[in-house]
There are 2 protein chains.
Amino acid sequence: MKTIIDIARAAGVAKSTVSRYLNGGSVSEETREKIEHIIKQHNYVPNTFAQSLKAKKTSIIGTIVPRLDSFAVSQTLMGIDEELRDRQYQLLISSANQDMNREIEEIYALARQKISGLLLMAAQITEQHLKAIRECRIPVVMIGQQHSLLHSVVHDDFHAGYMMGQHILNKGHRRIAYLGVTEQDIAVGVKRKEGFRKALGEHKDCEVRYYESGFRMNEAVAAAERLLEDWVPTIIVCATDNIALGVMKAAFLKQIPIPSGISVTGFGGYDVTEIIHPALTTVKYNYKRAGKLAAENIISLVNREPVEMVTILNCEIIGRESVDNLQGRII
Amino acid sequence: MKTIIDIARAAGVAKSTVSRYLNGGSVSEETREKIEHIIKQHNYVPNTFAQSLKAKKTSIIGTIVPRLDSFAVSQTLMGIDEELRDRQYQLLISSANQDMNREIEEIYALARQKISGLLLMAAQITEQHLKAIRECRIPVVMIGQQHSLLHSVVHDDFHAGYMMGQHILNKGHRRIAYLGVTEQDIAVGVKRKEGFRKALGEHKDCEVRYYESGFRMNEAVAAAERLLEDWVPTIIVCATDNIALGVMKAAFLKQIPIPSGISVTGFGGYDVTEIIHPALTTVKYNYKRAGKLAAENIISLVNREPVEMVTILNCEIIGRESVDNLQGRII
DNA sequence: CTGAAAGCGCTTACAG
DNA sequence: CTGAAAGCGCTTACAG
């Protein structure tokens, strides 16, 4: 391994000059060329540990994700990865494995690694999160959730819910079950539902009941089974595509055909929703783009450039076969 | 931020003594307790950059994955993450984004980060991979593919194929299409097929045709459509669950019911295969366990402990509804 | 524009 | 068992 000293010697200059060249300081045209040439020739790459130790900063962006096995997370990470790579930043991924305490721990752990910025995907922000962020003094961009004290990139969950509400009303549904998730998750548990509720509020003649499920498919199967014992609506609107998949399973198990026996919708736009049969009506989220924007924003923040507090991304409703058209039919 | 100097002063010893304490050198019981106490009190954590710079090694394990949005990759990463965390190693994930040149680049890039071990998930190993590994002098454990020169943790693809062959023969299938992938991927493209072929070779009375598809679901849809124009078998055995999902989609599009019109199987055991309808017959792979074992092995290698060249993991066949039982029926 | 010097926070022989 | 010293490979004021 070559060091800066080797390069300096070979170029006949002091190592401080090489360092200046490396860091964009003032170097004469002549020495610039000389150093450039030598570096290429020797295939020299600066030792990042020495740099970080001395400069007391790194070009690492940490990302805390709730879990690794999620379509939304994977897509978001791909967007982050792409942007950071382009901008010469390094990505450090850390999974909290669905454990909120681990999220907090990871903030401290990443701070110890001297990351210069943090991308945070968390279902909710507690006082402990804020305390950790404050203590570590790291710039943060949240993804998927909004918080008054933090910068964020979010999807337009409220509008997504609203669009879904309008869509199914247009299809003639009036006996409607909404299978949501915990309200501790503001984006998924509250906003989607509120948008949905607003759309339905504009119609007087429909009956809506709200239910709750866990995020995992098997939890959704169980929740749907309970729901269907309680009541048989014409449609079940699910807060996520995963939950919708679980509901479809439950319907099949009960021999209720989709969509003729019951309609189902999701949110997310996972690839698999297009492949299954019947294809699932859903709202497509721009996860990858969210990742990319969050990465751009955190870089700006690291460089002390101004960044809007919240960036809201569009969603798009995709009507497919899992919703029956009841319009004009007598139910 | 406290440094080793602060601790040394507070404890009334030299910093070399503190360092020795930190690294398990010989320290008297008395000073050990004193230092321990001070460290806790000051909440001291050593600066990893300084450590790495001086010691010229890290406790980082790099992992190169082909892509992030894959069930197999996510599960494997979860296994790796868990084990590494338990053993106090740090995980650095790097995605090659389906680009083999990027794989090579990432090997060099990770070497520059001074990772002490590399976990490699790659579809094939070329001379360039070997060159990079040689030049960087990093211990490597491959996951999912075998190579005579490298340590590896693999799934028993041959046996998986064999079990699948037996399974569908038992179900009475005799007109069989195998929808595989490129043979450049030894594990998925060659071994599964060879195992399958062996099982079928034990039966004289069946007709098998081999086809090829890409890995993505939409590529599989197209491949299945071509296949079905060419020939209508009683079953399509697919080299991965994703391909099987694509084939199911194609069958639905052609209004061929599954399994009564055609049977379909996959390999992998993705969660979604259980949720869709009909549920998919597949071979369940232990991705998470593979990750865990690979992590154990790379740690052993880093510590210069002996490790078997290849670890083979069991798979398990899961018969579900997507395969029709033709036994005893007249076709 | 350029170089000598100090120092980032550690570890590691080496003496005692 | 313990401490003083050298040094890992850089960056950054400071003089010139």
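Residues numbered from 1 in each chain as written. Chains lettered and ligands numbered in written order. Predicted model: local features only at pLDDT ≥ 70, side-chain atom pairs only at ≥ 80, totals over all residues. Heavy atoms only, no water.

- Identification of chain A as LacI family transcriptional regulator from Paenibacillus durus is taken from an unreviewed UniProt entry.

Considerations on the overall build of chain A
Move 1: Assigned secondary structure in chain A consists of 13 helices and twelve strands.
Move 2: In summary, chain A has a C-alpha radius of gyration of 26 Å against a globular reference of 20 Å for 331 residues, an excess of more than 25%.
Move 3: Referenced to the eigenvectors of the C-alpha coordinate spread, the extents of chain A come out at roughly 90 × 40 × 35 Å.
Move 4: With the model as given, the accessible surface of chain A reaches about 15100 Å², and the carbon-plus-sulfur share is 48%.
Move 5: Positive and negative side-chain charges of chain A, numbering 40 and 38 respectively, have mean locations separated by a distance of 5 Å. (Helix = DSSP H or I, 4+ residues; strand = E, 2+ residues; numbered from the N terminus. Rg over C-alpha atoms; globule rule 2.2 N^0.38 Å. Areas by Shrake-Rupley, 256 points an atom, 1.4 Å probe, with all protein chains shown as cover. Lys, Arg positive; Asp, Glu negative; His and termini not counted. Charge placed at Lys NZ, Arg CZ, Asp CG, Glu CD.)

Here's the deal with the side chain of threonine 76 of chain A
Move 1: Inspection of the secondary structure assignment puts threonine 76 of chain A in helix H5 (residues 71-86).
Move 2: Contact partners of threonine 76 of chain A, with chain neighbours within four places excluded, come to Met121, Ile143, Tyr287 and Gly291 of chain A. (Contact = heavy atoms within 4.5 Å.)

Considering the relation of the copies chain B and chain A
Move 1: Superposing chain B onto chain A takes a rotation of 180 degrees plus a shift of 0.0 Å along the axis, which leaves an RMSD of 0.1 Å. Read as a symmetry element, the transformation amounts to a two-fold axis. It is phenylalanine 49 of chain B whose C-alpha, among those of chain B, lies nearest the rotation axis, at 2.5 Å.
Move 2: The overlap is high: 100% of the interface residues of chain B also sit at the interface in chain A, so the same surface is used on both sides. (Least-squares fit on C-alpha atoms with pLDDT ≥ 70 in both.)

Observations concerning the domain arrangement of chain A
How large an interface is tends to be reported as the accessible area lost when its parts come together.
Residue and element names in this part refer to chain A.
Move 1: When the domains of chain A are assigned, the result is domain 1 (4-46), domain 2 (60-155 + 287-313) and domain 3 (157-285).
Move 2: For domain 2 versus domain 3, the distance between C-alpha centres works out to 29 Å.
Move 3: On the side of domain 3, twelve residues touch domain 2, which itself brings eleven residues to the contact.
Move 4: Taken together, both faces of the contact between domain 2 and domain 3 bury some 1100 Å²; the carbon and sulfur share is 41%.
Move 5: Three residues, Phe71, His155 and Tyr287, lead the burial of domain 2 against domain 3; their summed loss comes to 48% of the area buried on that side.
Move 6: Linking domain 2 with domain 3 are one salt bridge.
Move 7: For aspartate 69, the salt bridge identified is with arginine 216, shortest N-O distance 3.2 Å. (Domains from an automatic or database assignment. Buried area = accessible area lost by both parts, 1.4 Å probe. Salt bridge = Lys/Arg side-chain N within 4 Å of Asp/Glu carboxyl O.)

What to know about a nonpolar patch on the surface
All names here are of chain A.
Move 1: On the surface, Met309, Val310 and Ile312 cluster together into a nonpolar patch covering about 230 Å² of accessible area.
Move 2: Structurally, methionine 309 is set in the loop between helix H13 (287-302) and strand S11 (310-313).
Move 3: Owing to a relative accessible area of 37%, methionine 309 belongs among the partly exposed residues under this scheme. (Patch = residues over 30% accessible without salt bridge, like charges linked within 9 Å, V, L, I, M, F, W, Y side chains within 5 Å. Buried < 20%, exposed > 50% of the residue type's maximum accessible area, 1.4 Å probe, protein only.)

Here we look at the pattern of salt bridges
Pairs can form between side chains of opposite charge once their charged atoms are near each other.
Residues and elements named next belong to chain A.
Move 1: For the structure on display, the rule yields 32 salt bridges over all chains.
Move 2: Residue arginine 192 is joined to aspartate 157 by a salt bridge in which the shortest nitrogen-to-oxygen separation is 2.8 Å. Placement of the pair is arginine 192 in helix H9 (residues 186-201) and aspartate 157 in helix H8 (residues 157-170), with a sequence separation of 35 residues.
Move 3: Under the relative-accessibility criterion, aspartate 157 is labelled buried at 4%.

Here's the deal with the pairing of strand S8 (residues 235-238) of chain A
Residues and elements named next belong to chain A.
Move 1: Burial along S8 is two-sided: Ile235 and Val237 and Ile236 and Cys238, pointing in opposite directions, are all buried.
Move 2: Across four bridges, strand S6 (residues 175-180) lies against S8 in parallel orientation. Residue pairing for S8: tyrosine 178 is matched across the bridge by valine 237.
Move 3: With three bridges joining them, S8 and strand S9 (residues 263-265) adopt parallel strand pairing. Across the sheet, the residue bridging to valine 237 is threonine 265, located in S9.
Move 4: Handedness of the crossover is the feature at issue here: the chain leaves S8, passes through helix H11 (residues 241-253), returns alongside S9, and the resulting connection is right-handed. (Pairing = 2+ DSSP bridges. Right-handed = clockwise from strand over helix to strand, strands pointing away.)

Looking at the protein's contact with DNA strand D
Move 1: The local shell around DNA strand D holds 26 residues, among which Ile4, Lys15 and Ser19 of chain A together with Ser26 and Lys54 of chain B are the closest.
Move 2: Of what DNA strand D places within 4 Å of the protein, 60% of the atoms are sugar or phosphate.
Move 3: Between DNA strand D and the protein, one listed contact pairs a base nitrogen with a side-chain N or O atom of arginine 20 of chain B at 2.8 Å.
Move 4: For the surface near DNA strand D, the class distribution of residues is nine nonpolar, eleven polar and six charged. (Near = heavy atom within 4 Å. Polar contact = N/O pair within 3.5 Å; in protein donor to acceptor, adjacent residues only side chain to side chain. Nonpolar A, V, L, I, M, F, W, Y, C, P; charged D, E, K, R; others polar.)

Digging into the interface of chain B and chain A
Move 1: At the junction of the two partners, chain B supplies 40 residues and chain A supplies 40 residues.
Move 2: Together chain B and chain A conceal approximately 3700 Å² of surface at their shared face, both sides included; 64% is due to carbon and sulfur atoms.
Move 3: Here chain B is connected to chain A by two salt bridges.
Move 4: A salt bridge links arginine 85 of chain A to glutamate 106 of chain B; its shortest N-O distance comes to 2.4 Å.
Move 5: Viewed at the interface, chain A and chain B are joined by nine residue pairs in polar contact (both at pLDDT 80 or more).
Move 6: The element that contributes the greatest number of residues to the side of chain B that touches chain A is helix H5 (residues 71-86) of chain B, accounting for six residues.
Move 7: A breakdown of the residues in the side of chain B that touches chain A according to their chemical character gives 18 nonpolar, twelve polar and ten charged.

A few points about the state of the cysteines
Residues and elements named next belong to chain B.
Move 1: Within the structure shown, the criterion is met by zero disulfides over all chains.
Move 2: A disulfide-free cysteine, cysteine 238 has its sulfur positioned 17 Å from the sulfur of cysteine 315, the nearest such atom.
Move 3: For cysteine 238, a relative accessible area of 0% gives the class buried. (Disulfide = S-S within 2.5 Å.)

Notes on the protein's contact with DNA strand C
Move 1: Taken together, 27 residues lie around DNA strand C, and Ser26 and Lys54 of chain A together with Ile4, Lys15 and Ser19 of chain B are the ones closest in.
Move 2: Each atom of DNA strand C within 4 Å of the protein belongs either to a base or to sugar and phosphate, the latter forming 60%.
Move 3: Contact distances for DNA strand C include 2.6 Å between a phosphate oxygen and a backbone N or O atom of isoleucine 4 of chain B.
Move 4: Within the backbone of asparagine 47 of chain B, a nitrogen or oxygen atom sits 3.1 Å from a phosphate oxygen of DNA strand C.
Move 5: Elements supplying a minimum of two residues to the surface near DNA strand C: helix H2 (15-22) and helix H4 (48-55) of chain A together with helix H2 (15-22) and helix H4 (48-55) of chain B.
Move 6: Class assignment for the residues of the surface near DNA strand C results in ten nonpolar, eleven polar and six charged.

Some thoughts on the pairing of S6 of chain A
All names here are of chain A.
Move 1: Across the six residues of S6, five count as buried, placing the element largely inside the fold.
Move 2: Sheet topology places S6 next to strand S7 (residues 207-212); six bridges connect them, and they run parallel. Paired with arginine 175 across the bridge in S7 is glutamate 207.
Move 3: Handedness of the crossover joining S6 and S7 through H9: right-handed.

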